[in-house]
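Report on the structure
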Amino acid sequence: MEAVIRVTDALKSFRETRLSTLRTPAEFFDVHRISRPADFNTAVSRLTYNTRYFSGNYTLIVAALAVYSIIASPLLLLSLIFLFGGFAVINRFEEVYGQFVTQKSLYTGLFVIGIPLLWFSSPFMTLFWLIGASACLILTHACLIEPGVESEYANIEGAV
């Protein structure tokens, strides 16, 4: 029960901190603000400003890509369900077919089956795909979107 409370508290704090900076889709997909940066310094300044300004939107993009990558790889989804489900089930059962089995032996059996299953589902390829796809989308968007007028005043507020 404590784990459920901790998870809900973590989700609540995540929503308050990260998703509070969520911008509207009209602002995030504003095609009138798309332009090619003049030079490298302009691209870097856009990148630093936009990654802070759109951080909530970028977090949602990474989360959506993570969900897609897990759903698109059925073996990875199956192995994750097997491992997490195994952890949940082991804590509930003490007796298997009329014989008492220790949790240590159940966890050993879970790992003997689950780890090779997870290894064959190529989680590292999925992780690197997620990092690459997220980086390409976020860096391209952050470099191409011109900062709004409020970005000029952000420098003044920081100096005061």
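Quick summary incoming for the structure in this document. (Residues numbered from 1 in each chain as written. Predicted model: local features only at pLDDT ≥ 70, side-chain atom pairs only at ≥ 80, totals over all residues. Heavy atoms only, no water.)

**Brief notes about the overall build of the chain**
Helix and strand counts for the chain stand at 8 helices and 2 strands. Counting over 160 residues, the chain shows a buried share of 23%. Contacts spanning at least 24 positions in sequence make up 82% of the contacts within the chain whose residues lie at least 6 apart. Approximately 11,700 Å² of the chain is accessible, and the part contributed by carbon and sulfur atoms is 70%. (Helix = DSSP H or I, 4+ residues; strand = E, 2+ residues; numbered from the N terminus. Buried < 20%, exposed > 50% of the residue type's maximum accessible area, 1.4 Å probe, protein only. Contact = heavy atoms within 4.5 Å. Areas by Shrake-Rupley, 256 points an atom, 1.4 Å probe, with all protein chains shown as cover.)

**Focus on the nonpolar core**
Nonpolar side chains in soluble globular proteins tend to be buried together. Grouped together as the largest cluster of nonpolar side chains are 8 residues: Phe28, Tyr49, Tyr53, Phe54, Tyr58, Ile138, Ala142 and Ile145. Mapped onto this core, the elements with two or more residues apiece are α3 (40-53) and α7 (123-144). Dropping the residues within four chain positions of it, Ile145 is found in contact with Phe28, Asp30, Arg33, Ile34, Arg46, Asn50 and Phe54. (Core = buried A, V, L, I, M, F, W, Y, C linked by side-chain atoms within 4.5 Å.)

**Section: the pattern of salt bridges**
The full count for this structure, using the stated rule, is 1 salt bridge. A salt bridge links Arg46 to Glu146; the shortest N-O distance between them is 3.9 Å. Separated by 100 residues along the polypeptide, Arg46 in helix α3 and Glu146 in the loop between α7 and α8 (150-159) bring together distant segments of the chain. (Salt bridge = Lys/Arg side-chain N within 4 Å of Asp/Glu carboxyl O.)

**Structural notes on helix α5 (residues 74-90)**
The terminal C-alpha atoms of α5 lie 24 Å apart, and with 17 residues this matches the ideal 24 Å at 1.5 Å per residue to within 8%. If you check which residues of α5 are buried, you get Leu76, Ser79, Leu83, Gly86 and Ile90. Viewed along the axis of α5, the buried residues span an arc of 100°, placing them on a single side of the element. Residues of α5 that are exposed and angled more than 90 degrees away from the buried face: Pro74, Ile81 and Phe84. Along its buried surface, α5 packs onto α4 (55-72), α6 (103-120) and α7. (Expected span 1.5 Å × (residues − 1). Arc of directions from axis to C-beta.)

**Digging into the environment of Gly56**
Relative to the helices and strands, Gly56 is located in helix α4. Note: C-alpha distance between Gly56 and Leu22 (34 residues apart in sequence) is 4.5 Å.

**Notes on the side chain of Ser79**
Summarising the element assignment, Ser79 is placed in helix α5. The residues touching Ser79, leaving out its near neighbours within four places in the chain, are Leu117, Leu118 and Ser121.

**Let's talk about the side chain of Ser69**
Examined against the element boundaries, Ser69 turns out to sit in helix α4. Judged by relative accessible area, Ser69 falls into the buried class, the value being 8%. Excluding its chain neighbours within four sequence positions, the residues that come into contact with Ser69 are Thr126 and Trp129.

**Some points on α6**
With 18 residues, α6 extends 26 Å from end C-alpha to end C-alpha; this agrees with the ideal 26 Å at 1.5 Å per step. Just beyond α6, the residue with positive phi is Ser122, at close to 50°.

**Looking at the packing of aromatic side chains**
Under the defined criterion, the tally for this structure stands at 10 aromatic pairs. Taking 5.4 Å as the distance between ring centres and 15° as the angle between the ring planes, the aromatic pair formed by Tyr49 and Tyr53 counts as stacked. Of this pair, Tyr49 and Tyr53 both sit in helix α3, 4 residues apart, which is roughly one turn of that helix. Taken as a pair, Tyr49 and Tyr53 share a single burial class, namely buried. (Phe/Tyr/Trp six-rings, centres within 6.5 Å; stacked < 30°, edge-to-face > 60°.)

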